[in-house]
Protein chains: 2
Amino acid sequence: MEKSFLQIARAAYQPKLPKALQGPVKAKEGAPTQSVGNQEEIKAEFPNTYGMPVIEFVEGEAQQLPPYNVGVILSGGQAPGGHNVISGLFDGIKTLNPDSKLYGFILGPGGLVDHNYMELTADIIDEYRNTGGFDIIGSGRTKLEEIEQFEKGIEILRKLDIKALVIIGGDDSNTNACVLAEYYAAKKYGVQVIGCPKTIDGDLKNEQIETSFGFDTACKTYSELIGNIQRDCNSARKYWHFIKLMGRSASHIALECALQCQPNICLVSEEVEQKAMSLDEVVTYIATAVAKRAEQGNNFGTVLIPEGLIEFIPAIKKLIAELNDVLATDEAKTVERSEQIDFVRRSISAENLAVFNSLPAEVAAQLALDRDPHGNVQVSLIETEKLLSKMVADKLAAWKAEGKYVGKFAAQHHFFGYEGRCAAPSNYDADYCYSLGFNASRLIANGKTGYMSIIKNTTAPAAEWIAGGVPITMMMNMERRNGKNKPVIRKALVELDGAPFRYFAAHRDEWAEKTEYVYPGPIQYFGPTEVCDQPTCTLKLEQNK
Amino acid sequence: MEKSFLQIARAAYQPKLPKALQGPVKAKEGAPTQSVGNQEEIKAEFPNTYGMPVIEFVEGEAQQLPPYNVGVILSGGQAPGGHNVISGLFDGIKTLNPDSKLYGFILGPGGLVDHNYMELTADIIDEYRNTGGFDIIGSGRTKLEEIEQFEKGIEILRKLDIKALVIIGGDDSNTNACVLAEYYAAKKYGVQVIGCPKTIDGDLKNEQIETSFGFDTACKTYSELIGNIQRDCNSARKYWHFIKLMGRSASHIALECALQCQPNICLVSEEVEQKAMSLDEVVTYIATAVAKRAEQGNNFGTVLIPEGLIEFIPAIKKLIAELNDVLATDEAKTVERSEQIDFVRRSISAENLAVFNSLPAEVAAQLALDRDPHGNVQVSLIETEKLLSKMVADKLAAWKAEGKYVGKFAAQHHFFGYEGRCAAPSNYDADYCYSLGFNASRLIANGKTGYMSIIKNTTAPAAEWIAGGVPITMMMNMERRNGKNKPVIRKALVELDGAPFRYFAAHRDEWAEKTEYVYPGPIQYFGPTEVCDQPTCTLKLEQNK
């Protein structure tokens, strides 16, 4: 494997650990916990893993454990730092007993079910320290939900003498980790299950979890690019750049990038939904800002757009829901492709027809014609950044005809997602992830199951970070999924009364009108600490730092 | 202006200078020079600026000059380091006489003609040291070609008592700088004109100029992103990423990124042209590699595509030429939009019709329908990355039906350009640009005009760099432009017998088949020198380092 100079230099980086994890630990246990909602129902679903205390690790006596094999799984989309969770876990179990082994299940949870695994030895681990990606064992999207899967899993776990399984994933994967923990506990299979909070989207956080790993690095990578584009924008002074950012459910990434870069406009899906804005209102909002800047001779700017925006516009959401129903009928299946748009127009309600007709022709055609394998409208294929810039251009042209706008409007489009999911972790993520993994080994050594590894106080220097565990059930409530009530970890959307959004809302009018771009530049690993070790703006504002 | 932590830290960076420029200099002059081609014609066009010697600066006696005002212009597309050329120039003229003033003309050469300028004082310069972008004075694409413009220019130069003008630009801008130098010399206006080699495209280089500034930083920024995508690609193992890279004329950027990242495939326009490949042959080349990787179970990969590729495919070039002719006829102007595709089919030659019909419907429609303001086909609007992936998908589907391919093919698309043109300059570009600007002040002090500022030996440590000047006429030949023979600096395309391409060609089959990705990571400014101060692979290979 040929390595870049940065990779070689970075391999030598020793991630920082909280002080408590630098030596022997003992678990300081809090009071019994309750789930955040539906307590009776959650308790009934998790009789063996409900109500356990929150744990904090503090200095303790030296422990020497018998060899204790551990398995690890990467679940879902890539996030910077996954390799460091694994190397932290590896180092952690080896400090407890050098004969303990770490096994990685290949290509996600499917590797457990299909008995596809590899031993992760020191040689392999060393190749991946402080690197991005999940390529050490690969990841996958198989959901661990069925008893049959759990039983297939226990076969291989027994065969490899694995006593604990660490699942690195997002909200759904951690929910499933807890279901698995409960099942193995109920069956007295003697296998512990520990979760780790991963996702670049930043939507796995709550009172207990400060942030999910990867969010820091991904946002910094996108902000580097947005800053570069803004500098270009401000030099050439002739384009509006419409920049879509990954994140279907929550707008944390867009908001964080806005806080870092101060673009002219940033849309926040949660606000669009809460205000029940129509697509035309969103377009008018952007066009108004464009027109206002044009009055000052500034025919350029930047617009950040969360990937999931379109599904948060209530009218579009309703239209899509009806399209999914209408196109699933037997009648729809007999309609020729060339007749499909007319069929849709005939079949949907007057209210939705008005919305459908307001869309640019290509988008309407795509909604009516393209289906995913389940027969659903493919919302993710819609190029929201182009849809919006086209509609803004049309609106500005209309205003120009009315004499309400004098300016030039030309747009460039960007979509950033894959560019940041596998970036080499920032110092923050490298340290945070290594600590999460190392800490997981301490939860295992303390006999815990159904816990998530947590590290808190991360806006302070790493030595002051607080390590511990939180029962996964504590973060759960019941939600409706596919027509059934299910216990799940509540997804954290952007809170409109939270400090990050409030800071943004207090500044956005000024940012829209003036040109107050900030250029964060690329992630630095070796420079002054204020350059290399900043947490996200979101975290600093949330913690009032 | 709110600044990022990196900007603040980076403001303190003192760019390195060649040893010769660290103290007083004298000019060591070589023999009279000749242009690279059409010597008699070039000499006739440039009687006052032809045949001058190449200059190298060596240690000399301390000089104190009278105040000597200088003007500076940024011309054309942004490139990282432009601000450092200006700060080097500023520091250079101030060391010769602190009362000398530097004026910037606003928004490119148009600022000279329209008398739109600002004085660049120390306060302003300090805000822009080591930053990306051209926003200090803006850039523009006005071409300085007409005597009327030169005369408008001399008015403001006289008014501001400017004795020398530095034009920072690409091949065309430097050609025009020389025409201006010749004109002012012929008229004895007493204004020197000096050029600086700028362009991220890397196509302004020759025996005298090692590289144009900005190429280093832009390629490193794109390579960071390509590396991240490759890591994702190798973790998720389910997509082929088609990545288009800026650069209409030359493929230096794509080639350099390939050398840095080792993607599965990189197309090089110059090779496609030289081999007279058809679009189908290009598609077959990619599809063959995809199929070969699929045989090993690897349904993922990366393809780098130079922006200008499609215009280098001889058959497409011919088609576009005929389309431009056919659609410019009076008859064409009477044709309804809905009839235009049929009109094109009726009007073009059988050979071009076959090519036209082989294109995906959307691309054919775009070629037939969308014109630029001059009535030409808008080649730049063609999304080559999507065109190619669509055609590869179609070919693979056909092969699958024939039983020649068993695999899955899904593609993601990217286009990088604006992401890198205004990145903060790498140490290399920061030092190189500062040296180019500082050196320009020494060319001015030595009374030179019609010279380009050059810095050589840049694969060695900066102290060993060689500073000097080269007569712009030396790099010229006559070329046909808009139906006329014109003296121009020859554009440097990728040489298929040059070391960078040969290295690539020797490795590409292995890179295509295996997965040998390299992940360069983000540009580092503060770390170990082997991480922070590497020149491009292109330059190292060219200089056999």
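No experiment lies behind these values; they were computed from the predicted model shown.

Criteria and cut-off values
Residues numbered from 1 in each chain as written. Chains lettered and ligands numbered in written order. Predicted model: local features only at pLDDT ≥ 70, side-chain atom pairs only at ≥ 80, totals over all residues. Heavy atoms only, no water. Least-squares fit on C-alpha atoms with pLDDT ≥ 70 in both. Axes fitted to C-alpha atoms, helices over the stretch in contact; angles between N-to-C directions. Helix = DSSP H or I, 4+ residues; strand = E, 2+ residues; numbered from the N terminus. Parallel < 35°, antiparallel > 145°, perpendicular 65-115°, else oblique. Contact = heavy atoms within 4.5 Å. Nonpolar A, V, L, I, M, F, W, Y, C, P; charged D, E, K, R; others polar. Polar contact = N/O pair within 3.5 Å; in protein donor to acceptor, adjacent residues only side chain to side chain. Expected span 1.5 Å × (residues − 1). Buried < 20%, exposed > 50% of the residue type's maximum accessible area, 1.4 Å probe, protein only. 1 Å grid on protein atoms, 1.4 Å probe; cavity = no way out; pocket = protein on both sides within 12 Å on 5 of 7 lines; lining within 4 Å. Points joined across faces, edges and corners; volume = space filled by probe spheres on them. Pairing = 2+ DSSP bridges. Buried area = accessible area lost by both parts, 1.4 Å probe. Salt bridge = Lys/Arg side-chain N within 4 Å of Asp/Glu carboxyl O. Right-handed = clockwise from strand over helix to strand, strands pointing away. Left-handed = near helix turned anticlockwise from the far one by under 90°. Phe/Tyr/Trp six-rings, centres within 6.5 Å; stacked < 30°, edge-to-face > 60°. Lys NZ or Arg CZ within 6 Å of the ring centre and 35° of its normal. Disulfide = S-S within 2.5 Å.

**Q** Is there a simple way to explain the relation of the copies chain B and chain A in this structure?
**A** The operation relating the two chain copies consists of a rotation about an axis and a shift along that axis. In screw terms, the move from chain B to chain A is a rotation of 180 degrees and a rise of 0.0 Å along the axis, fitting with an RMSD of 0.0 Å. Here the transformation between the copies is reduced to the relation of a two-fold axis.

**Q** Would you mind going over the packing of helix α13 (residues 314–326) of chain B against helix α16 (residues 350–358) of chain B with me for this structure?
**A** Geometrically, a packed helix pair is captured by the angle between its two axes and the distance between the axes. All names here are of chain B. One way to put it is that α13 packs onto α16 with a least axis distance of 9 Å and a crossing angle of 110 degrees. In terms of orientation, α13 lies roughly perpendicular with respect to α16. Within the contact between the two elements, α13 uses Ala315, Ile316, Lys318, Leu319 and Glu322 and α16 uses Glu351, Asn352, Val355 and Phe356. Across the contact of α13 with α16, the residue classes tally to five nonpolar, one polar and three charged.

**Q** It is not clear to me how the side chain of A:Arg421 should be interpreted in this structure. Could you clarify?
**A** For A:Arg421, the location among the structural elements is in helix α19 (residues 418–421). Of the polar contacts made by the side chain of A:Arg421, one reaches the side chain of B:Asp232; its length is 2.8 Å. Here A:Arg421 is in contact with A:Gly77, A:Gln78, A:Ala79, A:Pro80, A:Arg141, A:Ile200, A:Tyr222, A:Met246 and B:Asp232, once residues within four sequence places are set aside.

**Q** I'm lost on helix α7 (residues 171–186) of chain A in this one. Help?
**A** An α-helix turns once per 3.6 residues; consequently, residues spaced three or four apart project the same way. Residue and element names in this part refer to chain A. Under the 1.5 Å per step criterion, the end-to-end length of α7 is 23 Å for 16 residues, consistent within 8% with the ideal 22 Å. When you tally the buried positions in α7, you get 12 out of 16 residues, the bulk of the element. Buried within α7 we find Asp171, Ser173, Asn174, Thr175, Asn176, Ala177, Cys178, Leu180, Ala181, Glu182, Tyr183 and Tyr184.

**Q** What is the right way to read helix α8 (residues 215–236) of chain B from this model?
**A** All names here are of chain B. Counted at 1.5 Å a residue, the expected span for α8 with its 22 residues is 32 Å, and the 31 Å between its end C-alpha atoms agrees. Extensive coverage of α8 is indicated by the burial of 21 of its 22 residues. Of the residues one or two after α8, arginine 237 is the one with positive phi, at around 55 degrees.

**Q** Even after reading the chapter, I still don't get the layout of surface pockets, so can you show me in this structure?
**A** Regions of empty space are outlined by a rolling probe, equal in size to a water molecule, passed over the atoms. All names here are of chain A. Counted as a void, the second largest pocket has a volume near 860 Å³. Lining the second largest pocket are 24 residues, and of these Glu145, Asn176, Arg481, Lys486 and Val488 sit closest to its centre. Elements represented by at least two residues in the lining of the second largest pocket include exactly α6 (147–159), α7, β14 (476–481) and β15 (484–489). Of the residues forming the lining of the second largest pocket, the biggest block, six residues, is contributed by α7. Partitioned by chemical class, the residues of the lining of the second largest pocket number seven nonpolar, four polar and 13 charged.

**Q** Got a minute to help me understand the sheet that holds strand β13 (residues 466–471) of chain B in this structure?
**A** Adjacent strands of a sheet pair through backbone hydrogen bonds, lying either parallel or antiparallel. All names here are of chain B. Strand order in the open sheet formed by nine strands is β1-β2-β13-β12-β7-β6-β3-β4-β5, with mixed pairing between adjacent strands. Two strands in the sheet have a free side with no partner beyond their single neighbour: β1 (25–32) and β5 (117–119). Geometrically, the sheet is characterised by an average inter-axis angle of 25 degrees between neighbouring strands, direction not taken into account. On top of the sheet, helix α20 (residues 427–445) reaches β1, β2 (53–59), β3 (69–74), β6 (162–169), β7 (192–197), β12 (451–456) and β13; it is set at about 135 degrees to β12, its chief contact.

**Q** Is there a simple way to think about the pairing of strand β8 (residues 240–245) of chain B in this case?
**A** Along a regular strand, successive side chains alternate from one face of the sheet to the other. Residue and element names in this part refer to chain B. Within β8, six of the six residues are buried, leaving the element largely enclosed by the surrounding structure. Here β8 shows no split at all, with Trp240, Phe242 and Lys244 on one side and His241, Ile243 and Leu245 on the other all buried. Note that β8 and strand β10 (residues 301–306) share six bridges and pair parallel. Paired with phenylalanine 242 across the strands is valine 303, a residue of β10. Alignment of β8 against strand β11 (residues 411–416), held across six bridges, turns out to be parallel. Within β11, the position partnered with histidine 241 by the bridge is glutamine 412.

**Q** Honestly, the sheet that holds strand β11 (residues 411–416) of chain A in this entry has me stumped. Any pointers?
**A** Residue and element names in this part refer to chain A. Strand order in the open sheet formed by four strands is β9-β10-β8-β11, with parallel pairing between adjacent strands. The sheet is open, and its two borders are formed by β9 (265–266) and β11, each paired with just one other strand. The strands that helix α8 (residues 215–236) touches are β8 (240–245), β10 (301–306) and β11; relative to β8, the one it contacts most, it runs at about 175 degrees.

**Q** Help me understand the interface of chain B and chain A, please; the structure alone is not making it clear to me.
**A** Buried accessible area, meaning the area lost when the parts come together, often serves as the stated size of an interface. With 61 residues of chain B at the contact, the number on the chain A side is 61 residues. Summed over both partners, the interface of chain B with chain A comes to about 4700 Å²; 53% of that surface belongs to carbon and sulfur atoms. When the shortest N-O distance is used, the salt bridge between A:Lys386 and B:Glu383 registers 3.1 Å. One can count 26 residue pairs in polar contact (both at pLDDT 80 or more) joining chain B with chain A. Those elements that place two or more of their residues in the side of chain B that touches chain A are α1 (5–11), α8, β11, α19 (418–421) and α22 (529–532) of chain B. Of all the elements, α8(B) adds the most residues to the side of chain B that touches chain A, at 10 residues. Here the side of chain B that touches chain A is composed, by residue class, of 25 nonpolar, 21 polar and 15 charged.

**Q** Hey, could you run me through the pairing of strand β7 (residues 192–197) of chain A in this one?
**A** Residue and element names in this part refer to chain A. The element β7 is extensively covered by neighbouring structure, given that six of its six residues are classed as buried. By the alternation rule, side chains of β7 split into Gln192, Ile194 and Cys196 and Val193, Gly195 and Pro197, which are all buried. Bridge analysis of strand β6 (residues 162–169) against β7 gives six bridges, and the strand direction is parallel. Within β7, the position partnered with isoleucine 168 by the bridge is cysteine 196. Between the parallel pair β6 and β7, the chain is carried across by α7, and the sense of this crossover is right-handed. Here β7 runs beside strand β12 (residues 451–456); their pairing, made up of two bridges, is parallel. Bridging from a neighbouring strand, glycine 195 pairs with methionine 452 of β12.

**Q** Can you help me understand the packing of α8(A) against helix α9 (residues 252–261) of chain A in this one?
**A** All names here are of chain A. Contact geometry of α8 with α9 gives a least axis separation of 9 Å together with a crossing angle of 50 degrees. Of the possible angle classes, the one that applies to α8 and α9 is oblique. Note that α8 runs across α9; the crossing there is right-handed. Of the residues in α9, those touching α8 at Phe215, Cys219, Lys220, Tyr222, Ser223, Ile226, Gly227 and Gln230 are His252, Ile253, Glu256, Cys257, Gln260 and Cys261. Looking at side-chain class alone, the contact of α8 with α9 contains seven nonpolar, five polar and two charged residues.

**Q** For this particular structure, what's the right way to read the pattern of salt bridges?
**A** Pairing is possible between side chains of opposite charge, provided their charged atoms come close. Residues and elements named next belong to chain A. Throughout the structure, instances matching the rule amount to 58 salt bridges over all chains. The salt bridge partner of aspartate 172 is lysine 143, with a shortest N-O separation of 3.6 Å. Taken together, the residues span a long stretch of sequence, with aspartate 172 in helix α7 and lysine 143 in the loop between α5 (122–128) and α6 at a distance of 29 residues. A residue is classified by how much of its surface remains accessible, and aspartate 172, at 29% relative accessible area, is partly exposed. A salt bridge links lysine 163 to aspartate 161; its shortest N-O distance comes to 3.7 Å. Assessed through its relative accessible area of 29%, lysine 163 is described here as partly exposed.

**Q** Which parts of the structure should I look at to understand the packing of aromatic side chains?
**A** Ring pairs (aromatic) are described by centroid distance and by the angle formed between their planes. This model, assessed by the stated rule, comprises 29 aromatic pairs over all chains. Pairing B:Tyr103 with B:Tyr117 gives two aromatic rings, centres 6.0 Å apart and planes at 75 degrees, and the pair type is edge-to-face. With a gap of 14 residues between them, B:Tyr103 in strand β4 (residues 102–105) and B:Tyr117 in strand β5 connect regions that are remote in the sequence. Given a relative accessible area of 9%, B:Tyr103 falls into the buried group. The exposure class of B:Tyr117 is partly exposed, given its relative accessible area of 30%. A network of ring pairs unites the aromatic residues A:Phe150, A:Tyr183, A:Tyr184 and A:Tyr189 as a single cluster. Sitting above the plane of the A:Phe300 ring, A:Arg293 keeps its charged end 4.9 Å from the centroid. B:Arg158 extends its terminal NZ or CZ atom over the ring of B:Tyr189, reaching a point 4.6 Å from the ring centre.

**Q** Sorry, what's going on with the state of the cysteines here?
**A** Between two cysteines, a covalent bond joining their sulfur atoms is known as a disulfide. As enumerated under the stated definition, the model contains zero disulfides over all chains in all. Free of any disulfide, A:Cys433 has its nearest cysteine sulfur in A:Cys196, 8.4 Å distant. Assessed through its relative accessible area of 0%, A:Cys433 is described here as buried. Just so you know, B:Cys261 is unpaired, no disulfide at all, and the nearest cysteine sulfur is the one on B:Cys257, 6.0 Å from it. For B:Cys261, a relative accessible area of 0% gives the class buried.

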